[in-house]
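Working through the structure, step by step
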2 protein chains.
Amino acid sequence: MKKIISFVGIAFYVAVLQAQTWIWYPGDYEIWLGNRMNNRRTERGAFFPPFWKTDSHYVVIEFSKQVDLERAENIFITAEGKYNVKLDGKLQFGMPSTLTLPAGKHNLNIKVWNQATPPAIYVEGKTIHSDSSWKVTYEDKEWIDESGKASDTSATVYMNAGYWNFDRADQRPSQFMLCREPLQAVSREKSSKGELLDFGKETFGYITFKNLSGKGSLSLYYGESKEEALDTAYCETLDRIQLRAGKVIDLATNEISAAGDFCLGNSKAFRYVYIEKEPDVQFDNVGMEYEYLPVEYRGAFRCNDEEVNRIWEVGAYTMHLTTREFFIDGIKRDRWVWSGDAIQSYLMNYYLFFDSDAVKRTIWLLRGKDPVTSHSNTIMDYTFYWFLSIYHYYMYTGDKAFVAQIYPRMQTMMEYVLGRTNENGMVEGLAGDWVFVDWADGYLDKKGELSFEQILLCKSLETMALCARLLDQQDDRDRYSGMATSLRAKLEPFFWDDTRKAMVHNRIDGIQSKSVTRYSNMFSVIFGYSDAGKQEDIKQNVLLNDSILKITTPYMRFYELEALCALGEQELVMQEIKDYWGGMLREGATSFWEKYNPEETGTQHLAMYGRPYGKSLCHAWGASPIYLLGKYYLGVTPEEAGYREFRIAPNLGGLKWMEGSVPTPNGDISVYMDTSHIKVKAGEGKGYLYFTSRKTPKSNIGKVEKLGGNQYRLRIDTKDEVRVSYR
Amino acid sequence: MKKIISFVGIAFYVAVLQAQTWIWYPGDYEIWLGNRMNNRRTERGAFFPPFWKTDSHYVVIEFSKQVDLERAENIFITAEGKYNVKLDGKLQFGMPSTLTLPAGKHNLNIKVWNQATPPAIYVEGKTIHSDSSWKVTYEDKEWIDESGKASDTSATVYMNAGYWNFDRADQRPSQFMLCREPLQAVSREKSSKGELLDFGKETFGYITFKNLSGKGSLSLYYGESKEEALDTAYCETLDRIQLRAGKVIDLATNEISAAGDFCLGNSKAFRYVYIEKEPDVQFDNVGMEYEYLPVEYRGAFRCNDEEVNRIWEVGAYTMHLTTREFFIDGIKRDRWVWSGDAIQSYLMNYYLFFDSDAVKRTIWLLRGKDPVTSHSNTIMDYTFYWFLSIYHYYMYTGDKAFVAQIYPRMQTMMEYVLGRTNENGMVEGLAGDWVFVDWADGYLDKKGELSFEQILLCKSLETMALCARLLDQQDDRDRYSGMATSLRAKLEPFFWDDTRKAMVHNRIDGIQSKSVTRYSNMFSVIFGYSDAGKQEDIKQNVLLNDSILKITTPYMRFYELEALCALGEQELVMQEIKDYWGGMLREGATSFWEKYNPEETGTQHLAMYGRPYGKSLCHAWGASPIYLLGKYYLGVTPEEAGYREFRIAPNLGGLKWMEGSVPTPNGDISVYMDTSHIKVKAGEGKGYLYFTSRKTPKSNIGKVEKLGGNQYRLRIDTKDEVRVSYR
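The structure presented is a predicted model; accordingly, all values stated were derived computationally and were not measured.

Observations regarding the overall build of chain A
Looking only at helices and strands, one finds 15 helices and 40 strands in chain A. Scaling as 2.2 N^0.38, a compact globule of 727 residues should have a C-alpha radius of gyration of about 27 Å, and chain A matches this with 28 Å. Dimensions of chain A, computed from C-alpha atoms along their principal axes, come out at roughly 75 × 70 × 60 Å. Residue burial in chain A is summarised as follows: out of 727 residues, 62% are buried. In chain A, once contacts between residues fewer than 6 apart in sequence are set aside, the share between residues at least 24 apart is 71%. Carbon and sulfur atoms form 49% of the exposed surface of chain A, whose accessible area is close to 27,300 Å². On chain A, the mean spot of the 87 positive side-chain charges and the mean spot of the 97 negative ones are 3 Å from each other.

Pasting the structure below:
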């Protein structure tokens, strides 16, 4: 029975792939759409593009498919771009929208040119469909000799086509837009000069006016806080429009619309909007169109502690606001796709939406095109996170095809990195490298060999070796694993300080520094690079040591708390979650922030980068409890790629009860736990439930195995609910 | 006096550079415009893009300029794309079209995003102008730290802006179009089914209809020959339109226009057009809009032989038809930019239009962007011509700035080549390499080490060394000249056959082949790689040896005749020019062909690539007499870059008299010669006139020096006409 079900699952997956869909060169649509995303940032009415290289799509793409037809077939063809169609090497007249293929074997080639948007095609027939089985190339190298014979030595590299979910001919990829829904303010407050609207919580979208008319100017000042919206001189985002002769002019973009019902052209992030207008400008109502990616909340978490529940909900909302065309950092700013931010979004996503397409889109965009001219987003650490994110993706989804597609760009990215290593095989910040680590309320030395960066590099090399093995790239595997082994062997000799019983921050000109920071120490625990003794040293001397520079971003708290969870400190971490994220809620947060230092007060919480409202109050990396609660409390992880084999190790961490579910590629895993019962229902796959019990536990299905001490495990190989009683 | 004039010349040059003009990232506009050019090819109504990688512009560009103003200044700004403006690091609201800069030092930054067309700006003020002194980058890497301070270690690579001649704000680069002029057919011939128009000579443009109306379809069949136009089943290009409900539908592109006066949307090459229509379709007149690049015919040549004069004129017309946005191969097909074709166009151009911008545009386009994924146009030899063309360009124009701009792409292109050399440091055709050499009426072995390819590689390495020296890149110079020396030392040991007294064609697995072809032998002469004895061997055993496979393309005849001229065989070459190019004229050519085998007859001349009208009858490489007559008969060449020092060595080659002029960067050099007089007038520069005389010659200015034998020279350092009488 189980086998049939899993066979049905696979059949369904294949069927989805086989339905016709718009296809393109893999990564190209993602890069193009990413440019639209990254270029929508504004700062006080000025367009604000990223400072790294913005890549673009290949403008000419050849799509090809070999078919073997039992009977003649008519196909429908449409494309984004100017195109031609070749059947068995013969060019067809014009840009045919239909074509009849006789029975038998045929080569079908479609070549598309499009400068402005990615070349894409959609083909629909009885058996012929545009899908990921089509081959694509940006250089078919089909030169001919003097007799007209095409080359047979062109050595062209073909890739499988990229696709998303544009499954109808009229769903042109270049026309993609997120969903919108009208929303109204929850309160309005008039003042002498204007009106302040409160939408009740952090939100994102386009301000709309009913019956906007008259003559004169109107300004909108957006605020994630009330203070920001009212501070017209310093709020981070604003709009100015001019009404004249029945027209509305957006003064930032010079776009002109007819007066009447009017919607601003660019979305903004805000809870508050303060509007000032000249007296001759009128409108009936101001509202907004909330803009969002339609996602399913597949992950869930509830427990006896309402504060924790609220933290999970606000985290999920923060994730939803920042999960858009791509996983972005924050919705006010930068509204850019950053690799270090994104890897955390991916991990949270695996415990919330399980939107694999959003992960793939973001990974493609972050990598961009060759040649590599800088680190990911210019940041050294972000390059390393990019590598790591691909193996994570594989483990959570089992999607080996994606690893194969992206692997050539992993290779060139790693060549860039290796071209910048020193004689120790280690990275130091060279000109053009942003060594970021974290925003810290204290001095972080960025010079020399940072232990943090070497640990990430080592893990990146291991990731390359893993992916190479997955793709049967034997030479690469040997090369990268050799380098990883060599680097890993140097980490302790270079950075471990036996007096301080911790890894030091860095090493300059061969001299170990005296400074200890949390970063490398916590990654050393997470990656299992330290033995049990050193892990205990790190816990005592670094993680639980208040004299070590404190982390004040949810970004690095993510890893700090993960390290503590990995050390079994779920109770301590639960308290930290309640203190830190609960602290933001007590400050009035309706989404989680870019940075939170509990020692600050009042409007200090709003400032960053030397600007009074520089801080983003809705930042993806603020939502990490989503990940921690799913992975270390519900305790669900993939043991084999794509949850073919799962691991469930629930841990109440001091809660009385908790329940929730974790999405997997083709189902969900539900977990309930209280102090005497565990219930698990796994929609697919199989694996072990791990737990501790003082007395011999019982289960309704299967036989509990004792592992030693209080440790037990139970094999789960059923879709039925498995119940365990324990003490 | 001369110094003052030359100072004025320089001042003028600087003034031209200083006038505001539209600017962009160097090479980007050229690549974008090239895509429009290369993608206009059609084959029987099907869109036909190139088979190599089509690159594209960087979509986000930052333009910057530091200014130091004596007084405050207002500037006007416009851009192609969405843009922002930063003054001294402060973003300005919106996309300002004007800005006031206070007196003093300022940093002005403009950042533009444009997916569809290249980001470009135009800035105009009293002293601030957009011009090539502006810096541009595709990654400014201006990250900030937590305090908001911008990075000072970004190591961004800035280039000088690219530009052409869009000197007014309303001359938006993306709107560029060639010139057009209406033309009428010289004869019309009705037949039972249609009407044949003859435009009198090869031409290029858009067919136009007066008052096109009615209902039904209309087909146009284009022919470079009458036979082609009338062969509706096999002509290479055609158009089909449909009239319906007052609309004209182009059936190839699906573009719809209003009926009435109608112009086809895509240009075609033709002399003849055959039109068939359904009876309910009416029009008053069919004409054309001739499309052309406005160029000045600065070079000139006339002599006593009218056939030679006609060859020069038809050559010049062939050049004009193929000198467009870029130097293309042929106007019927491929209408693509090919490196091997282009280098010949450049050389002809230096003796005709001296359009330096067209050369630069073509060199940029041919190179495209990194990463290099194949040879230029996929052809190994074409990569080498690309290198050579840059040093030619420098010698003729003296434009070192261009060499500096393109040099980084020369480096990456050469790295690609060097990555494909064998253990001898030689190139062999690997998978993906098209080893072209020539279209030959006979077997050309493309396997192993071809002597021809090694000679071109050697010259390319020498070119790299020359450019590196020019740019003070000492390490590169040493590296490339070392490789060139090493390769050159192997050429004779590897390829010279002492029995046959010639270079053999190739070497496979270390074994010299027995085959001798003309290609490497003639390049060995042209590049001076053979000593005088071996040059004589080559002349006798190869160049003048009818048993060696004959060359049947004007393309390789270019080099064959150049080699003979270099050996002083101007009289022989004059006869060859008259036979070969005169032969095409006698076949009715109104422009010169892609290939001409005098042994063929009738419609054999039209066929190629296995297609009855596959041959291009207007092919740039057909026009080589333009170059040969200027360089080896009028005898004018730059001795130092940009004609700072020239060399004039006229040679009648059997003519009774000849006169002409050769353009230089800032003037022309006119030469007249008959059997007893030489007259030279050099608009700029200085140099020597070289000639032979049996008796002691006399000159009106300066003093003739005897060099030995009958050889004389005269220093020319005047703008006045210098007259020499000799015998």
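Things to note about the sheet that holds strand 38 (residues 704-708) of chain B
Residue and element names in this part refer to chain B. The strand order across the open sheet formed by five strands is 31-32-36-39-38, and the pairing between neighbours is mixed. Only two strands of the sheet have a single partner each, and these edge strands are strand 31 (636-638) and strand 38. Strand-to-strand, the axes of this sheet are offset by a mean angle of 25 degrees, without reference to chain direction. In this structure, strand 32 (residues 645-648) lies alongside strand 36 (residues 686-692), joined through four bridges in parallel fashion. Each residue of the ladder has a partner; that of Arg647, found in strand 36, is Tyr688.

Topic: the nonpolar core
Ile207, Phe209, Leu212, Tyr385, Phe523 and Met556 of chain B are the most contacted members of the largest nonpolar core, which has 203 residues in total. It is helix 7 (residues 380-397) of chain B that contributes the most residues to this core, 13 residues altogether. Residues contacting Met556 of chain B, with those up to four places away along its chain left out, are Tyr385, Val437, Asp438, Phe452, Tyr519, Met522, Phe523 and Ile551 of chain B. Core analysis: the next-biggest nonpolar cluster, separate from the first, contains 202 residues, Phe204, Phe209, Leu347 and Met413 of chain A among them.

Re the packing of aromatic side chains
For the coordinates displayed, the defined rule picks out 134 aromatic pairs over all chains. Between Tyr58 of chain B and Tyr138 of chain B, the ring centres sit 4.1 Å apart and the planes meet at 15 degrees, which makes this aromatic pair stacked. With Tyr58 of chain B in the loop between strand 3 (46-47) and strand 4 (60-69) and Tyr138 of chain B in the loop between strand 11 (135-137) and strand 12 (159-160), this pair connects stretches of sequence that are 80 residues apart. One cation-aromatic arrangement involves Lys201 of chain A over Tyr317 of chain A; the distance from NZ or CZ to the ring centre is 4.2 Å.

What about the UniProt feature "domain: Alpha-L-rhamnosidase C-terminal" (unreviewed entry) in chain A?
Per the UniProt entry, the sites bearing "domain: Alpha-L-rhamnosidase C-terminal" (unreviewed entry) are residues 635-671 of chain A in this numbering. Secondary structure content for residues 635-671 of chain A is 0% helix and 54% strand, while the C-alpha to C-alpha distance between its ends is 9 Å.

Describing the relation of the copies chain B and chain A
A rotation about some axis, followed by a shift along it, carries one copy of the chain onto the other. With an RMSD of 0.1 Å, chain B superimposes on chain A once it is rotated by 180 degrees and translated 0.0 Å along the axis. Taken together, the rotation and translation relating the two chain copies correspond to the operation of a two-fold axis. Closest approach to the rotation axis within chain B is made by the C-alpha atom of Ala116 of chain B, at a distance of 1.9 Å.

Here's the deal with the side chain of Lys534 of chain B
Along the chain, Lys534 of chain B turns up in helix 12 (residues 532-543). On the accessibility criterion, Lys534 of chain B (18% relative accessible area) is buried.

Concerning the packing of helix 13 (residues 554-566) of chain A against helix 14 (residues 570-586) of chain A
Residue and element names in this part refer to chain A. At a minimum axis distance of 9 Å, the contact between helix 13 and helix 14 shows a crossing angle of 160 degrees. With respect to helix 14, the element helix 13 is oriented roughly antiparallel. The interaxial crossing formed by helix 13 with helix 14 has left-handed handedness. Where helix 13 approaches helix 14, its residues Pro554, Arg557, Leu561, Leu564 and Cys565 are matched on the opposing element by Gln570, Leu572, Val573, Glu576, Ile577, Tyr580, Trp581 and Met584. When grouped by side-chain class, the residues that make up the contact of helix 13 with helix 14 number 10 nonpolar, one polar and two charged.

Observations concerning the domain arrangement of chain A
All names here are of chain A. The domain boundaries assigned to chain A delineate domain 1 (23-173), domain 2 (179-292), domain 3 (300-633) and domain 4 (636-725). Summarising the inter-unit geometry, the C-alpha centres of domain 1 and domain 3 are found 36 Å apart. At the junction of the two partners, domain 1 supplies 27 residues and domain 3 supplies 25 residues. Between domain 1 and domain 3 the total buried area reaches about 2,400 Å² when both faces are included, carbon and sulfur atoms providing 59% of it. Three residues, Met37, Arg41 and Trp52, lead the burial of domain 1 against domain 3; their summed loss comes to 28% of the area buried on that side. The tally of links between domain 1 and domain 3 comes to three salt bridges. Close ionic contact of Asp334 with Arg41 constitutes a salt bridge, the shortest N to O distance being 2.9 Å. Across the domain 1-domain 3 interface, the total number found is 10 residue pairs in polar contact (both at pLDDT 80 or more).

Brief notes about the sheet that holds strand 6 (residues 82-87) of chain A
Residue and element names in this part refer to chain A. In space, the six strands of this open sheet follow the order 7-6-9-4-11-12, with antiparallel pairing throughout. Sheet topology places strand 7 (90-91) and strand 12 (159-160) at the edges, where each strand pairs with a single neighbour. Both strand 4 (residues 60-69) and strand 11 (residues 135-137) contribute to a ladder of three bridges, which runs antiparallel. Bridge pairing in strand 11 places Phe63 opposite Val136.

Comments concerning the interface of chain B and chain A
Residue-level contacts link 71 residues of chain B with 71 residues of chain A. A buried area of about 5,600 Å², summed over both sides, lies between chain B and chain A, and 62% of it is on carbon and sulfur atoms. The largest per-residue losses of area from chain B upon contact with chain A belong to Phe47, Phe93 and Glu146 of chain B, which jointly make up 14% of the total buried on that side. Linking chain B with chain A are two salt bridges, by the criterion used here. With its nearest N and O atoms 3.4 Å apart, the salt bridge here joins Lys595 of chain A to Glu146 of chain B. Put simply, the parts of the chain that give the side of chain B that touches chain A at least two residues each are helix 2 (28-38), strand 3, strand 6 (82-87), strand 9 (104-113) and strand 18 (237-244) of chain B. Residues of the side of chain B that touches chain A, tallied by class, amount to 31 nonpolar, 21 polar and 19 charged.

Examining the environment of Ser374 of chain B
Along the chain, the position of Ser374 of chain B falls in the loop between helix 6 (356-367) and helix 7. Judged by its relative accessible area of 9%, Ser374 of chain B is buried. For Ser374 of chain B and Lys53 of chain B, which are 321 residues apart along the polypeptide, the C-alpha to C-alpha distance reads 8.1 Å. Residues within four places of Ser374 of chain B in sequence aside, it is in contact with Glu139 and Lys141 of chain A together with Met413 and Tyr416 of chain B.

Here's the deal with the side chain of Asn349 of chain B
Within the element layout of this structure, Asn349 of chain B appears in helix 5 (residues 339-350). Those residues in contact with Asn349 of chain B, other than ones at most four positions away along the chain, are Met319, Phe327, Phe354, Asp355 and Val359 of chain B.

Focus: the packing of helix 11 (residues 518-526) of chain A against helix 13 of chain A
Residue and element names in this part refer to chain A. Orientation of helix 11 relative to helix 13, taken along the N-to-C sense of each, is 45 degrees, at an axis distance of 9 Å. Classified by the angle between their axes, helix 11 and helix 13 sit oblique to one another. When the axes of helix 11 and helix 13 are compared, the crossing they make is left-handed. Residue-level inspection shows Arg518, Tyr519, Met522, Phe523, Val525 and Ile526 of helix 11 in contact with helix 13, the latter providing Met556, Tyr559, Glu560, Glu562, Ala563 and Ala566. Class assignment for the residues of the contact of helix 11 with helix 13 results in nine nonpolar, no polar and three charged.

A word on the pairing of strand 33 (residues 657-664) of chain A
Residues and elements named next belong to chain A. In terms of burial, strand 33 is largely enclosed, as six of its eight residues are buried. Pairing analysis gives four bridges linking strand 25 (residues 300-303) to strand 33, with the strands arranged antiparallel. Each residue of the ladder has a partner; that of Arg302, found in strand 33, is Glu659. Inspection of the sheet shows strand 33 paired to strand 34 (residues 667-674) by eight bridges, in the antiparallel sense. Bridge assignment links Glu659 to a residue of strand 34, and that residue is Tyr672. Connecting the antiparallel pair strand 33 and strand 34 is a turn made up of two residues.

About the thresholds
- Residues numbered from 1 in each chain as written.
- Chains lettered and ligands numbered in written order.
- Predicted model: local features only at pLDDT ≥ 70, side-chain atom pairs only at ≥ 80, totals over all residues.
- Heavy atoms only, no water.
- Helix = DSSP H or I, 4+ residues; strand = E, 2+ residues; numbered from the N terminus.
- Rg over C-alpha atoms; globule rule 2.2 N^0.38 Å.
- Buried < 20%, exposed > 50% of the residue type's maximum accessible area, 1.4 Å probe, protein only.
- Contact = heavy atoms within 4.5 Å.
- Areas by Shrake-Rupley, 256 points an atom, 1.4 Å probe, with all protein chains shown as cover.
- Lys, Arg positive; Asp, Glu negative; His and termini not counted.
- Charge placed at Lys NZ, Arg CZ, Asp CG, Glu CD.
- Pairing = 2+ DSSP bridges.
- Axes fitted to C-alpha atoms, helices over the stretch in contact; angles between N-to-C directions.
- Core = buried A, V, L, I, M, F, W, Y, C linked by side-chain atoms within 4.5 Å.
- Phe/Tyr/Trp six-rings, centres within 6.5 Å; stacked < 30°, edge-to-face > 60°.
- Lys NZ or Arg CZ within 6 Å of the ring centre and 35° of its normal.
- UniProt positions renumbered as here; feature names shortened; annotations may be inferred.
- Least-squares fit on C-alpha atoms with pLDDT ≥ 70 in both.
- Parallel < 35°, antiparallel > 145°, perpendicular 65-115°, else oblique.
- Left-handed = near helix turned anticlockwise from the far one by under 90°.
- Nonpolar A, V, L, I, M, F, W, Y, C, P; charged D, E, K, R; others polar.
- Domains from an automatic or database assignment.
- Buried area = accessible area lost by both parts, 1.4 Å probe.
- Salt bridge = Lys/Arg side-chain N within 4 Å of Asp/Glu carboxyl O.
- Polar contact = N/O pair within 3.5 Å; in protein donor to acceptor, adjacent residues only side chain to side chain.

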